[in-house]
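Below, each chain spelled out in residue letters.
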Amino acid sequence: MILFYAAGASSLAPHILLREAGLSFSLEKVDLITKRWSGGDYNEITPKSYVPALKLEDGDVITECAVILQVIADSKPEQSLLPTQSLRSRYHALEWLNYIATEIHKNFITPERHGGVAANFLSKTASGQQATRVLVSPRLAYIDRVLDGRNFLMGDSFTAPDAYLFVMLTWAERLELDLSPWRNLLSYFERIAMMPSVCASRKIEGPPHSLKEIKESVG
Ligand SMILES: N[C@@H](CCC(=O)N[C@@H](CS)C(=O)NCC(=O)O)C(=O)O
């Protein structure tokens, strides 16, 4: 499998899950400004022009983060990265994946375009960042309540939605969204940040793009 990624983007979630699953994979970095990767034009991999994309052994390319996470989890069912014991618990895990994709991930993505391209997916302006905080905060507050008495979204063990939510929380941190009022969410974030698969993935990807330059000049 080949995972196409950009540092710290939503693609970090499948990256973490691939490591948790213990699957063999390689990484290809995509430049989101030029839409190029080491093999050429990224739009030839996916005309959707965004990461993540997962190229399977037979050459088929799967996109959409929430679906890629399911492909990875189902490739190693014995790791229980999505529930296999009952359809009902699987539906609840899918409920989380869909919630994170539509209510959190999408609300983080800025409509701003820098230089005509969506080079950077998080807002770089003070007003854009504030707008993101307003949209995302009530959703995070909801998750904080759910996490009361739970270590992970599905209970006691780490599953695919946790990888996805963790990345969203790194974005909250980058936007200086203070998580400290949400005690459950904060300890959840800190717990996952220490997992070896998470540390390794973040180290390999390196620092995400800076949000500083426009923020400082806009003041
Ligand atoms: N619907 C897609 C959205 C993916 C997405 O937002 N990718 C961002 C990075 S997190 C991206 O590559 N943006 C570049 C662009 O839109 O040009 C998914 O769920 O995977």
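As a starting point, this report considers the structure included with it.

Quick look at the overall build of the chain now. A tally of regular secondary structure across the chain gives 8 helices and 6 strands. Element order for the chain, N to C, with α for helix and β for strand: β-α-β-β-β-β-β-α-α-α-α-α-α-α. By the compact-globule yardstick of 17 Å for 219 residues, the chain fits well, its C-alpha radius of gyration being 17 Å. Taken over 219 residues, the chain has a buried fraction of 50%. Pairs at least 24 residues apart make up 68% of the contacts formed inside the chain by residues separated by at least 6 positions. If you sum the accessible surface of the chain, you get close to 10,300 Å²; carbon and sulfur atoms cover 53% of it. Computed over 23 positive and 25 negative side-chain charges, the separation of the two mean positions in the chain equals 3 Å.

Before going further, it helps to examine helix 6 (residues 183–193). Restricting attention to buried positions, one finds in helix 6 the residues Leu185, Tyr188, Phe189 and Ile192. Seen end-on, helix 6 carries its buried residues on one side only, within an arc spanning 100°. The elements touched by buried residues of helix 6 are helix 4 (126–146), helix 5 (160–174) and helix 7 (196–205).

Core analysis: the largest hydrophobic core is formed by 69 residues, its most contacted members being Leu140 and Tyr164. Elements that contribute at least two residues to this core include exactly strand 1 (2–5), helix 1 (12–21), strand 5 (53–55), helix 2 (65–75), helix 3 (87–108), helix 4, helix 5 and helix 6. Both domain 1 (2–78) and domain 2 (83–195) contribute no fewer than three residues apiece to this core.

Attention now goes to the site of the ligand. For the ligand, the set of nearby residues contains 16 residues, the closest of which are Ser10, Lys35, Val51, Glu64 and Cys65. Val51 places a polar main-chain atom, nitrogen or oxygen, 2.8 Å from a nitrogen atom of the ligand. In this structure, a nitrogen atom belonging to the ligand sits 2.6 Å away from a side-chain N or O atom of Glu64. Coverage of the ligand by the protein chains reaches 88% of its 520 Å² of free accessible surface. For the shell around the ligand, the per-class residue count stands at 11 nonpolar, 3 polar and 2 charged. Residue contributions to the shell around the ligand reach at least three from each of two domains, namely domain 1 (2–78) and domain 2 (83–195).

Packed helix pairs are characterised by how far apart their axes lie and by the angle those axes make with each other. Where helix 1 contacts helix 2, the two axes come as close as 10 Å, and the packing angle between them is 5°. Here helix 2 runs roughly parallel to helix 1, going by the angle between their axes. In this structure, helix 1 uses Ala13, Pro14, Leu17, Leu18 and Ala21 to contact helix 2, whose residues at the interface are Cys65, Ile68, Leu69, Ile72 and Ala73. For the contact of helix 1 with helix 2, the per-class residue count stands at 10 nonpolar, no polar and no charged.

This part takes up the pattern of salt bridges. Pairs may arise between side chains of opposite charge once their charged atoms sit close together. Scanning all chains against the criterion turns up 3 salt bridges. Among the ionic pairs, Arg90 bridges to Asp74, the shortest N-O distance being 2.9 Å. Of this pair, Arg90 sits in helix 3 while Asp74 sits in helix 2, and the two are 16 residues apart along the sequence. Given a relative accessible area of 42%, Asp74 falls into the partly exposed group. Here Arg139 ties to Glu103 by a salt bridge, and the two come within 2.9 Å at their closest N and O atoms. Separated by 36 residues along the polypeptide, Arg139 in helix 4 and Glu103 in helix 3 bring together distant segments of the chain. Arg139 sits in the partly exposed class, given a relative accessible area of 24%.

To continue, consider the state of the cysteines. For the coordinates displayed, the defined rule picks out 0 disulfides. Unpaired in this structure, Cys65 has its nearest cysteine sulfur neighbour in Cys199, at a distance of 19 Å. Judged by relative accessible area, Cys65 falls into the buried class, the value being 5%. Its relative accessible area of 38% is what places Cys199 among the partly exposed residues.

Conventions we followed
Per chain, residues are indexed from 1 in the order of the written sequence. Local features in this predicted model are restricted to residues of pLDDT 70 or higher, and side-chain atom pairs are both shown and tallied only at a pLDDT of 80 or more, whereas totals for entire chains, interfaces and linings draw on every residue. Excluded from the side-chain calculation are hydrogens and water; included are all heavy atoms of the structure. Under the DSSP-based scheme used, a helix requires at least four consecutive residues in state H or I and a strand at least two consecutive residues in state E, with every element numbered from the N terminus. In this description the radius of gyration comes from C-alpha coordinates, and the expected globular size is given by 2.2 Å times residues to the power 0.38. Buried means the residue's accessible area, taken with a 1.4 Å probe over protein chains only, is under 20% of the maximum for its type, while exposed means over 50%, and partly exposed covers the values in between. Note on contacts: a residue pair is in contact if any heavy atoms of the two residues lie within 4.5 Å. All accessible-area figures derive from a Shrake-Rupley calculation using a 1.4 Å probe, and residue coverage is judged against the displayed protein chains alone. Counting rule applied: Lys, Arg positive; Asp, Glu negative; His and chain ends not counted. Just so you know, the charge point we use is NZ for Lys, CZ for Arg, CG for Asp and CD for Glu. Throughout, the arc means that of the directions going from the helix axis to the C-beta atoms. As used here, the term nonpolar core means buried Ala, Val, Leu, Ile, Met, Phe, Trp, Tyr and Cys residues forming a set that is joined through side-chain atoms within 4.5 Å. Each domain's extent is set by a domain assignment, obtained either automatically or from a database. Consider each residue's heavy atoms; a residue with any of them within 4 Å of a molecule or strand counts as near. As used in this structure description, the phrase polar contact means that two N or O atoms lie within 3.5 Å; if the pair is within protein, one of them must be able to donate a hydrogen and the other to accept it, and residues adjacent in sequence are counted only when both atoms belong to side chains. Gly is put with the polar residues, along with every residue not named as nonpolar or charged; the nonpolar set is Ala, Val, Leu, Ile, Met, Phe, Trp, Tyr, Cys and Pro, and the charged set is Asp, Glu, Lys and Arg. Every axis in this analysis is a line fitted to C-alpha atoms, fitted for helices over the stretch in contact. Angles between the N-to-C directions lie between 0 and 180 degrees. In what follows, roughly perpendicular refers to angles from 65 to 115 degrees, roughly parallel to angles under 35, roughly antiparallel to angles over 145, and oblique to any angle outside these ranges. Salt bridge, as applied in this entry: a Lys or Arg side-chain nitrogen positioned within 4 Å of an Asp or Glu carboxyl oxygen. The criterion for a disulfide is a pair of cysteine sulfur atoms lying within 2.5 Å.

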